[in-house]
Amino acid sequence: MLEIRDEQVYKYQLSLPRHGSQHLGYLMGPFNPRLMLLVFTGCMLVLPGQAQSRAERSLDISLPDTNRPSTSTAQRVLEKAYGQLGIKVNFVAVPGARALNMWNAGKLDAIAAKIIDSGLPDSIKINVPIAFEEVVVFATKKNFTVDGFDSLKPYVVGYVSGITYLDDRLKNIPQRETAPGLESLFRKLEAGRTDVAVDSRFSFCLVRKLGLHEIRILEPSLEKRLGYHFLHVRHQPLVPAVEAVLRNMEKDGSIRKIQEEVMQEYMEQCTGLTDARSKKAAG
């Protein structure tokens, strides 16, 4: 067990640059100074760019390049969590397949939120859920009661390529049709090139935006999955502190509050799109 003495904390505090509210005394808050020393020592050891100053260093964290509440929720939760630790973060919005390639090439430090544990080598899962996705079936002409992924076997199922979770869940579906993005997915469904489409319930906002009035959601949902933050193993010294911060945010309701705020914004956006289209049609 690593022993940290008070004089080590004091000497390390003196060695840190002071940038307004970013000095160590401000960052400690309710945290144990020994823990904070481990956190910052870990950051200095594992973050790339030794020539950079401490103030310039940051973590590169991938986000899906699709605009959905789970993505916004994960970003806001992590901005707040890492902000409490005094660590800058840079979010990189890329498709799932490209994010995996960047991860394997060592170009990413973390994944914002992932809903399955497999398929990400050299990663450490932070065991506090920060986002969620509810997967549903979209259809036009087909009408049936959804009963798990196996109930989709008789149909041509469309989904967005590069989403590891859907690749895994739909692997037993005989007829699959991928699309490069959500708009393409729904336009193919509207054109009859697929029988159904599978994606997040949140994606229905785009259906409204595109004016695809024939598309509806079949109930019940296929599955509700929780999203967890993943750090690269080279940042293992950060894990206890990040998990502690997120655990505190879970307990004090901060994560729930962010989720509710994002959902409220999402619903207002969808309502606004619907109202705008109605006025345009009437005008």
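Our subject is the structure listed above.
Basis of the calculations
- Each chain has its residues counted from 1, following the order in which its sequence is written.
- Only residues with pLDDT of 70 or above have their local features reported here, since the model is predicted, and side-chain atom pairs are shown and tallied only from 80 upward, although totals for entire chains, interfaces and linings are computed over all residues.
- Just so you know, side-chain values use all the structure's heavy atoms and leave hydrogens and water out.
- The secondary structure listing takes helices from DSSP runs of H or I that are at least 4 residues long and strands from runs of E that are at least 2 residues long, numbered from the N terminus.
- A 1.4 Å probe rolled over the protein chains alone gives each residue an accessible area, and that area as a share of the maximum for its type sets the label: buried under 20%, exposed over 50%, partly exposed in between.
- By the convention used here, residues are in contact when the closest approach between their heavy atoms is within 4.5 Å.
- Surface accessibility follows the Shrake-Rupley procedure with a 1.4 Å probe radius. Residue values consider only the protein chains on display as shielding.
- Expected helix span is computed as 1.5 Å times (number of residues minus one).
- What is meant by a nonpolar core is a set of buried Ala, Val, Leu, Ile, Met, Phe, Trp, Tyr and Cys residues, joined one to another through side-chain atoms within 4.5 Å.
- In this description, the arc belongs to the directions extending from the helix axis to the C-beta atoms.
- Pairing of aromatic rings covers Phe, Tyr and Trp, the last counted by its six-membered ring, and requires centre-to-centre distances within 6.5 Å; plane angles under 30 degrees mean stacked, over 60 mean edge-to-face, and any other angle means tilted.
- Whether two strands pair depends on DSSP finding at least two bridges between them.
- Angles here are taken between N-to-C directions and fall from 0 to 180 degrees, while the axes themselves are lines fitted to C-alpha atoms, restricted in helices to the stretch in contact.
- Each reported salt bridge corresponds to a side-chain nitrogen of Lys or Arg within 4 Å of a carboxyl oxygen of Asp or Glu.

Attention shifts here to the overall build of the protein chain. Secondary structure summary: the protein chain contains 10 helices and 8 strands in total. The buried share of the protein chain, taken over its 283 residues, is 42%. Summarising the internal contacts of the protein chain: among those between residues at least 6 apart in sequence, 74% fall at separations of at least 24. Total accessible area on the protein chain is roughly 14,700 Å²; 50% of this is exposed by carbon and sulfur atoms.

Here the focus is helix H4 (residues 69–84). Here H4 contains 16 residues, and its C-alpha end-to-end distance of 23 Å stays within 8% of the 22 Å for a straight helix at 1.5 Å per residue. Phi turns positive, to about 75°, at Gly-86, one or two residues after H4.

What follows is about the nonpolar core. In terms of nonpolar packing, the biggest core is built from 29 residues, with Ile-61, Tyr-82, Ile-130, Leu-231, Val-242, Leu-246 and Met-249 touching the most fellow members. When residues of this core are traced back to their parent elements, those giving at least two are strand E1 (58–63), H4, strand E3 (110–114), strand E4 (123–139), helix H9 (239–251) and helix H10 (254–282). Broken down by element, the residue count for this core peaks at 6 residues, all from H9. Among all residues touching Leu-231, those that are not within four sequence positions of it are Leu-59, Tyr-82, Trp-103, Asp-109, Ala-110, Asp-122, Ser-123, Ile-124, Ile-126, Leu-238, Val-239 and Val-242. Within the second largest apolar cluster, 20 residues are counted, among which are Val-146, Tyr-159, Leu-170 and Ile-173.

By the burial criterion, the buried members of helix H7 (residues 182–190) are Leu-182, Leu-185, Phe-186, Lys-188 and Leu-189. The arc that holds every buried residue of H7, seen down its axis, measures 160°, which confines them to one face. Looking one or two residues past H7, Gly-192 carries a phi angle of roughly 85°, positive in sign.

Under the criterion given, the structure shown has 5 aromatic pairs. Between Phe-138 and Phe-204, the aromatic rings sit 6.4 Å apart at their centres with planes inclined by 15°, giving stacked as the arrangement. You can see Phe-138 sitting in strand E4 and its partner Phe-204 sitting in helix H8 (residues 204–210), a full 66 residues away along the chain. Judged by its relative accessible area of 0%, Phe-138 is buried. Here the aromatic rings of Phe-202 and Tyr-266 are separated by 5.8 Å at their centres, their planes lie at 65°, and the arrangement is edge-to-face. Of the two residues, Phe-202 is situated in the loop between strand E7 (196–200) and H8 and Tyr-266 in helix H10; the sequence distance between them amounts to 64 residues.

Read from one edge to the other, the open sheet built from 8 strands follows the order E2-E1-E3-E8-E4-E7-E5-E6, with strand pairing classed as mixed. Both outer strands of the open sheet, strand E2 (88–93) and strand E6 (176–179), are each paired with one neighbouring strand and no more. In this sheet, neighbouring strand axes are inclined to one another by 30° on average, regardless of whether the strands run parallel or antiparallel. In this sheet, E7 lies alongside E4 in antiparallel orientation, the contact comprising 5 bridges. Within E7, the position partnered with Val-136 by the bridge is Asp-199. Sitting on the sheet, H7 is in contact with E4, strand E5 (157–160), E6 and E7, with an inclination near 150° to E7.

Going from Glu-219 to Pro-220, the amide bond is cis rather than trans, its omega being -5°. Assignment of secondary structure puts Pro-220 in strand E8 (residues 216–232). Unlike most non-glycine residues, Asp-122 shows phi in positive territory, near 55°. With respect to the element layout, Asp-122 can be found in the loop between E3 and E4.

Another aspect to go through is the pattern of salt bridges. Tallied over the entire structure, the rule returns 15 salt bridges. For the salt bridge of Glu-223 with Arg-169, the shortest nitrogen-to-oxygen distance reads 3.0 Å. Residue Glu-223 is located in strand E8, and its partner Arg-169 is located in helix H6 (residues 164–169); the two are separated by 54 residues in the primary sequence. Between Arg-247 and Glu-250 there is a salt bridge, with the nearest N and O atoms lying 3.2 Å from each other. Of this pair, Arg-247 and Glu-250 both sit in helix H9, 3 residues apart, which is roughly one turn of the helix.

Buried residues dominate E7, accounting for 5 of its 5 residues. Here E5 runs beside E7; their pairing, made up of 2 bridges, is parallel. If you follow Val-157 over to E7, its bridge partner there is Val-196.

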